[in-house]
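Inside the fold
Chain by chain, the residues:
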Amino acid sequence: MGLRTFVSDAWSWLNYKPMMAATADGRPHRGLAPQETWLPRDATRRLAAYKVLAAYDANQAGELAALTGNDAGVERREFGDAAAFVNTTLAHLLGKSQQIVVAGAEHAGDENASPEALAASDVQQRLRSWAEAELFPLRMQAAERKAVLLGDAVYLLAWDPQKGRVRLRTYDPGFYFPVVEEDADPGDYPQRVHLAWEIPGDPQQGTKARVRRITYELGPIVAAGPHALGDGSAGRGLVAHGASGRLLEPGDVSRADNGAVERAYPWAPDRPTGITCYLTDAEWFLADLRHGQSLDDLPMERARFRTRSDGEVLHRLDLRIDFLPLVHISNSVADGEHFGQSTLATVMQVLDELAETDTDSARASATTGAPIIGLAGARAEVDRVTGRPRPLAVSPGTIFQLADGGRMDVLDTSGQLAELRSRVEEIRDRAAVNARLPAVSLGTVDPSDVPSGYALQLSLGPLDSLVDAMRLARAHKYALLFKLVQRIHQAGQAEGWAAGPTPPVRLVFGPHTPTDRSAVLDEVVRGVGAGVLSLETGVGMLQDAGYPIEDAREEVERITARRSAASPADDARSPQPGGDEEVSPPERA
């Protein structure tokens, strides 16, 4: 047996478990780590961590512990504490609503709105319609739950010519294998990404076990070859100047001065580039793979390439885009780490302690509800077949006849049970503190116990910082997602998606804590009435507080119209100078 080594990586917070560091080199237990030979070695601990986290979420941590050699794991009591932490964090992260906002679209309703503002408003409406058609809130919730639980989530975008729009899919991060170069900048996205999983064989149907790998990679443009967006008409009607001086249709290629092949894309028609994205979708039989052939260097001569619905072979298919259509969501802000950290990472040991205490509490409650009784001087009934005394059964109304000097002793464990219940609450509070989920956010605090609203706001401080950090880690990823959605629509010649630069887009999350709507309304009325807040700002505050205002600009216009219609009547009812009533000062300009 080799000496144990100290392993410190993105998943070292699980090293306290023997199953995660079972071997001398820190590799997980064979019952936990995937045994597929095609998996990259550096992905073993990540996939094992995903399996452990999924077991905690599904109340299967005890079953997993028993599988990896801990026989006491079958007695483990789990009551969904890990899932409650994940669901609570997810609810606060997403807020009550999510809204797609394009920069400049708020000025589209102005009297002299600029063409840029009108274009931004059009893009905003198109993105919102696309999100509704693609069930984006539903898919986002599914992806974000994986990110909160596992630390990572993956979105995949693809053009659907039949539907005429971009399709959005989510993938389990266990299928995601980026190829990160050793000298690459940690902040750069990889140039090559695999989505891979194993398909088990079925002896009854005569199919063999195989591995499927979908590869997206950036590379130089080839002058001629198949593509994914049509028959060469991508970008027809949009012109740009190529390096040779002739007019180029975006999607066509030209030769640069250095001989490289370039293409002008619809989002940058005046800046041809020599990069495109290639798609390869293939399968390999596991029996054809030799030991040592990992995912990134599978033998292409043994690959079975899949075909598209039109018969096109998916082998280095030119997608006619200069980016990878995948977006990786990281749950945490990490410097130099590609993968994120689970919300449960800091409280795993606390969850173990909580489960053990729950187990002890269940055992103590069993002896309290059905106590152990010792009888002295009682005559036991004899089994006529075996001739042995029958076990005594205790039930309501049971009477025992005791001899002279007999007695009955009852083991009282109620004191231990009360102590264990107190210990459970203590550990649960400790877990909530470490996870930055105050008891009030978990719903375990009686509202009458909160002394004031200010005290409640102070108690939510850790939750505010947690949500801010998680939303910060996602802000640029969702901005990138909507940028790619726009560009794929442009490349696919979707109706109404004009060529040109894509405007910046952000996803605005709603408030993550309850808002005192009456207090906000009173503040807006006072602020707007005193002239220290504009009407637009006040309506925006009401919208953020949860009032049913769909469009702030339209709401301002309706309020202004009502004021204009009511002003003549107000002037007629207003006191005239020289009257008995006091003359009000003129309104501010």
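A quick note: this is a predicted structure, and the numbers were derived from the prediction, not measured.

Scoring rules and cut-offs
- Residues numbered from 1 in each chain as written.
- Predicted model: local features only at pLDDT ≥ 70, side-chain atom pairs only at ≥ 80, totals over all residues.
- Heavy atoms only, no water.
- Helix = DSSP H or I, 4+ residues; strand = E, 2+ residues; numbered from the N terminus.
- Contact = heavy atoms within 4.5 Å.
- Axes fitted to C-alpha atoms, helices over the stretch in contact; angles between N-to-C directions.
- Parallel < 35°, antiparallel > 145°, perpendicular 65-115°, else oblique.
- Nonpolar A, V, L, I, M, F, W, Y, C, P; charged D, E, K, R; others polar.
- Buried < 20%, exposed > 50% of the residue type's maximum accessible area, 1.4 Å probe, protein only.
- Pairing = 2+ DSSP bridges.
- Patch = residues over 30% accessible without salt bridge, like charges linked within 9 Å, V, L, I, M, F, W, Y side chains within 5 Å.
- Areas by Shrake-Rupley, 256 points an atom, 1.4 Å probe, with all protein chains shown as cover.
- Salt bridge = Lys/Arg side-chain N within 4 Å of Asp/Glu carboxyl O.
- Expected span 1.5 Å × (residues − 1).
- Left-handed = near helix turned anticlockwise from the far one by under 90°.
- pLDDT = per-residue confidence, 0-100.
- Phe/Tyr/Trp six-rings, centres within 6.5 Å; stacked < 30°, edge-to-face > 60°.
- Lys NZ or Arg CZ within 6 Å of the ring centre and 35° of its normal.

Time to look at the overall build of the protein. Looking only at helices and strands, the protein has 13 helices and 18 strands in total. In the protein, of all internal contacts separated by at least 6 residues, the share reaching a separation of at least 24 is 65%.

Packing of helix α1 (residues 44-57) against helix α5 (residues 136-150) brings their axes to within 10 Å, and their N-to-C directions diverge by 105°. Comparing their axes, α5 and α1 come out roughly perpendicular. Residues Tyr50, Leu53, Ala54 and Asp57 of α1 lie in contact with α5, whose contacting residues are Arg145, Leu149 and Leu150. Residues of the contact of α1 with α5, tallied by class, amount to five nonpolar, no polar and two charged.

Next up on the list: the environment of Ala519. In this structure, Ala519 sits in helix α11 (residues 517-530). Classification of Ala519 by relative accessible area gives partly exposed; the value is 39%. For the pair Ala519 and Ala545, spaced 26 residues apart in sequence, the C-alpha to C-alpha distance is 9.8 Å.

The pairing of strands in a sheet comes from backbone hydrogen bonds and takes either a parallel or an antiparallel form. Across the sheet, which stays open at both edges, the three strands sit in the order β3-β2-β15 with antiparallel pairing between neighbours. Strands at the two margins of the open sheet, each flanked by one partner only, are β3 (165-171) and β15 (326-330). Neighbour-to-neighbour, the strand axes of the sheet open up by a mean angle of 25°, direction not taken into account. Across the sheet, helix α10 (residues 461-491) is in contact with β2 (152-160), β3 and β15; its angle to β15 comes to roughly 170°.

Judged by side-chain polarity, Leu402, Met408 and Val410 come together as a nonpolar surface patch covering roughly 260 Å² of accessible area. Tracing the backbone through its elements, the reader meets Leu402 in strand β17 (residues 402-410). Residue Leu402 is classed as partly exposed on the basis of its relative accessible area, which comes to 37%.

This next bit is on helix α3 (residues 81-94). Side chains that are three or four residues apart share a direction in an α-helix, a result of its 3.6 residues per turn. Helix length check: α3 (14 residues) gives 20 Å between terminal C-alpha atoms against 20 Å at 1.5 Å per residue, within 8%. Counting buried residues along α3, 11 of its 14 residues qualify, which places the element largely inside the surrounding structure. Regarding α3, the residues found buried are Asp81, Ala82, Ala83, Phe85, Val86, Thr88, Thr89, Leu90, His92, Leu93 and Leu94. Looking one or two residues past α3, Gly95 carries a phi angle of roughly 70°, positive in sign.

A word on the pairing of strand β6 (residues 210-220). Summarising burial for β6: nine of the 11 residues are buried, a large majority. Alignment of strand β5 (residues 192-199) against β6, held across eight bridges, turns out to be antiparallel. Directly across from Arg192, in β6, lies its bridge partner Glu217.

Considering all chains together, one arrives at 28 salt bridges under this definition. Here Asp310 ties to Arg308 by a salt bridge, and the two come within 2.7 Å at their closest N and O atoms. Its relative accessible area of 53% is what places Asp310 among the exposed residues. Judged by relative accessible area, which is 24%, Arg308 ranks as partly exposed. Its salt-bridge partner being Glu555, residue Arg558 comes within 2.6 Å of it at the nearest N-O pair. Here the residue Arg558 and the residue Glu555 both occupy positions in helix α13 (residues 552-573), the gap between them amounting to three residues, near one helical turn.

A pair of packed helices can be characterised by two numbers: the angle between their axes and the separation between those axes. Two numbers describe how α5 lies on α10: the axes approach to 14 Å, and their chain directions differ by 135°. What the angle tells us is that α5 and α10 run oblique. Where α5 crosses over α10, the two elements pack in a sense that is right-handed. Touching Phe136, Met140, Glu144, Ala147 and Val148 of α5 are Met470, Arg474, Tyr478, Leu481 and Phe482, all from α10. Its residues placed into classes, the contact of α5 with α10 shows eight nonpolar, no polar and two charged.

For the protein, per-residue confidence averages 81 on the pLDDT scale, and 83% of positions sit at 70 or higher. Element-level mean pLDDT values for the protein span from 29 in strand β7 (residues 240-241) up to 96 in α5. Within the model, pLDDT remains below 50 along residues 576-589, and this stretch shows five contacts once partners closer than five positions in the same chain are excluded.

Another point: the packing of aromatic side chains. By the definition in use, this model includes 12 aromatic pairs. Between Trp38 and Phe177, the ring centres sit 6.4 Å apart and the planes meet at 75°, which makes this aromatic pair edge-to-face. With Trp38 in the segment before α1 and Phe177 in strand β4 (residues 176-178), the pair connects residues that are 139 residues apart, well separated along the chain. Taken individually, Trp38 and Phe177 each receive the classification buried, so the pair is uniform in this respect. For the pair Phe175 and Trp197, a centre-to-centre distance of 5.4 Å together with 40° between the ring planes defines the contact as tilted. With Phe175 in the loop between β3 and β4 and Trp197 in strand β5, this residue pair connects regions lying 22 residues apart in the sequence. Relative accessible area serves as the criterion here: at 33%, Phe175 is assigned to the partly exposed category. For Trp197, a relative accessible area of 17% translates into the label buried. Chaining the aromatic ring pairs together yields one cluster made of Trp130, Phe136, Tyr155, Tyr478, Phe482 and Phe509. The ring of Phe285 carries Lys208 above its face, with NZ or CZ at 5.5 Å from the centroid. For Arg316, the ring lying beneath its charged end belongs to Tyr278, and the centroid distance is 4.1 Å.

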